[in-house]
Amino acid sequence: MGTQESNEITGGTGRRALLGAAVLGAGGAVLGTTGTARADGRGGGGLRSLPKPTIIGHRGASGYRPEHTFGSYQLALDMGADIVEAGDLVPTKDGHLVCRHEPEIGGTTDVAAHPEFADRRKTKLLDGVSTTGWFTEDFTLAELKTLRATERIPANRPHNTLYDGRWEIPTFEEVLRWQDEQTRKRGKQVWIYPELKHPTYFRKQGLPLEERVAKLLRKYRKDRRTSPVILQSFEPTSIERLNKLVDNPLVVLLSSAGSRPWDFVETGDPRTVADLVKPAGLREIASYAQGIGPTLDLIIPRDAKGNLTRPTTLVADAHKVGLILHPYTLRNENPFLPADFRKGTDPDAYGDVFGAYRSYFATGIDGVFTDQPDTGLLAREDFRNG
């Protein structure tokens, strides 16, 4: 999940406890006709067969492990996440797709500690923002495989730094194989939810994402309407392109109301996200996608002090045109919660996240991205039990 998140606050230290034992194994199994999970990419009942509200492990279980690593993905499954967001997809110099939060990898790998790559550090314009660091498109896959993942927000998650250097950068193809392996081992269908990052930026560099994603999905027979792979992007035209290439469930991500998707900026489309969440905009999205992934603030805005206000009509409006809603991102730590659900001022301490879940679930959302899937599953049980 994306660059456009506005609540990436850092700072401070503290202690926390893992909640997960009680929810191990929860989540929607999709079984084949023989009673064993299929690993042929068909996935069974499709998108609407998933439990609701669906708990989506954001970049895995990134509240506990460095994001977009097999350690994070595996833990999300062990905790019982219904879906794992396995893959923010960016390309390498030689055309492979790898899983990183951003193409700039200085903040999520140990690349700065590799003197052989010191001359790769550059400043680039990434979707209009001057960005300095090391970029995946300047490395071959073999070179990236010499790096190791690190915690992206160590000030908020100092305990995750214990795992710095343990895992390499996964490729999307490795994720697809891992998905099949885990489906067989667990006896239930594992779902993944990759995101195509900065499609316009990479297409201009001769590294288009959509065709590469479609080719791999076809190779592994996961390009169908009922395949357990949901594709997402912040660029609506990228989702429109995917709609012509594969039959997978597709989701348009939506940032803050006043923002414009970067593909709109590039093509001169004046519309903002505020236009896209109006009934006409939602009807248009529904013509080529099955869902939207709005920020939580588009579901329930916050006031000037950061407290939750009244829900918007977005959930009802989206459902009216047949779209599901998977907003992002719920996190346990104080800085990421609405102000009225924080406890104390420690930026690493947990707030009243169960209260926050309750407020968002009450709006009728179909699921939510969370960095702590175990917390999300417990919150869902609380909500279901009244």
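Each chain has its residues counted from 1, running along the sequence as written. In keeping with the predicted nature of the model, local features appear solely for residues at pLDDT of at least 70, side-chain atom pairs appear and are counted solely at 80 or more, and the whole-chain, interface and lining totals rest on all residues. Hydrogens and water are ignored here; the side-chain numbers use all heavy atoms of the structure.

A. Structural context of the nonpolar core. In this structure, F172 and I292 are the most contacted members of the largest nonpolar core, which totals 83 residues. Only heavy atoms enter the contact rule, under which two residues are in contact if any of them lie within 4.5 Å. The residues contacting F172, other than those within four sequence positions of it, are L89, L97, V98, C99, I192, P194, V213, L216 and L217. By nonpolar core we mean a set of buried residues, namely Ala, Val, Leu, Ile, Met, Phe, Trp, Tyr and Cys, connected to one another through side-chain atoms within 4.5 Å. Only protein chains enter the area calculation, which uses a 1.4 Å probe; residues under 20% of their type maximum are buried, those over 50% are exposed, and those in between are partly exposed. Formed by 13 residues, the second largest nonpolar core is a distinct cluster that contains L47, Y193, F234 and V251.

B. Layout of the pattern of salt bridges. Any Lys or Arg side-chain nitrogen located within 4 Å of an Asp or Glu carboxyl oxygen qualifies as a salt bridge. Per the stated rule, a full pass over the model turns up 30 salt bridges. In this structure, E137 and K124 form a salt bridge, with 3.0 Å as the shortest nitrogen-oxygen distance. Linking E137 in the loop between β6 (129-133) and α2 (141-144) with K124 in strand β5 (residues 122-126), this pair joins segments that are 13 residues apart in sequence. Among the ionic pairs, E381 bridges to R384, the shortest N-O distance being 3.4 Å. Here R384 and E381 lie together in helix α13 (residues 373-384), a separation of three residues that amounts to about one turn. Accessibility expressed as a relative area gives 35% for E381, which makes it partly exposed. Several salt bridges converge on common partners, so that one network encompasses R59, E67, D88, E102, R152 and K197. Only runs of H or I of at least four residues qualify as helices and only runs of E of at least two qualify as strands under DSSP, and these elements are numbered from the N terminus.

C. Structural context of the packing of helix α3 (residues 172-186) against helix α5 (residues 209-219). A fitted line through C-alpha atoms serves as each axis, taken over the contacting stretch for helices, and the angle formed by two N-to-C directions is quoted from 0 to 180°. Orientation of α3 relative to α5, taken along the N-to-C sense of each, is 30°, at an axis distance of 11 Å. In terms of orientation, α3 lies roughly parallel with respect to α5. The crossing of α3 and α5 is right-handed. Contact residues: α3 offers F172, E173 and L176, while α5 offers V213, L216, L217 and K219. Under the grouping applied here, Gly and all other residues not named as nonpolar or charged are polar, the nonpolar ones being Ala, Val, Leu, Ile, Met, Phe, Trp, Tyr, Cys and Pro and the charged ones Asp, Glu, Lys and Arg. Here the contact of α3 with α5 is composed, by residue class, of five nonpolar, no polar and two charged. Orientation is classified from the angle alone, with under 35 degrees giving roughly parallel, over 145 giving roughly antiparallel, 65 to 115 giving roughly perpendicular, and any other angle giving oblique. In this scheme the crossing of two helices becomes right-handed for a clockwise turn of the near helix relative to the far one and left-handed for an anticlockwise turn of less than a right angle.

D. Structural view of the packing of aromatic side chains. Geometry of aromatic contacts follows a simple scheme: Phe, Tyr and Trp rings, the Trp one being its six-membered ring, pair when their centres are within 6.5 Å, and the pair is stacked under 30 degrees between planes, edge-to-face over 60, tilted otherwise. One pass over the structure, following the stated rule, counts ten aromatic pairs. Judged by centre distance (5.1 Å) and plane angle (75°), the rings of F117 and F139 are edge-to-face. Of this pair, F117 sits in the loop between β4 (97-99) and β5 while F139 is found in the loop between β6 and α2, placing the two residues 22 residues apart along the sequence. When its relative accessible area of 0% is taken as the criterion, F139 is described as buried. An aromatic cluster is defined as three or more aromatic residues linked by ring pairs; in this entry it consists of F70, Y73 and W178. The criterion is that NZ of a Lys, or CZ of an Arg, lies within 6 Å of the ring centre and within 35 degrees of the ring normal, and then a charge sits over that ring. Its guanidinium or amino end placed over the ring of F139, R120 lies 5.1 Å from that ring's centre, counting from NZ or CZ.

E. Region of the structure containing the packing of α5 against helix α6 (residues 236-245). The geometry of α5 relative to α6 is characterised by a closest axis approach of 10 Å and an angle of 35° between their N-to-C directions. Handedness of the crossing formed by α5 with α6: right-handed. Contacts between α5 and α6 involve E210, E211, A214 and R218 from the former and S238, R241, L242 and L245 from the latter. Taken together, the residues that form the contact of α5 with α6 break down as three nonpolar, one polar and four charged.

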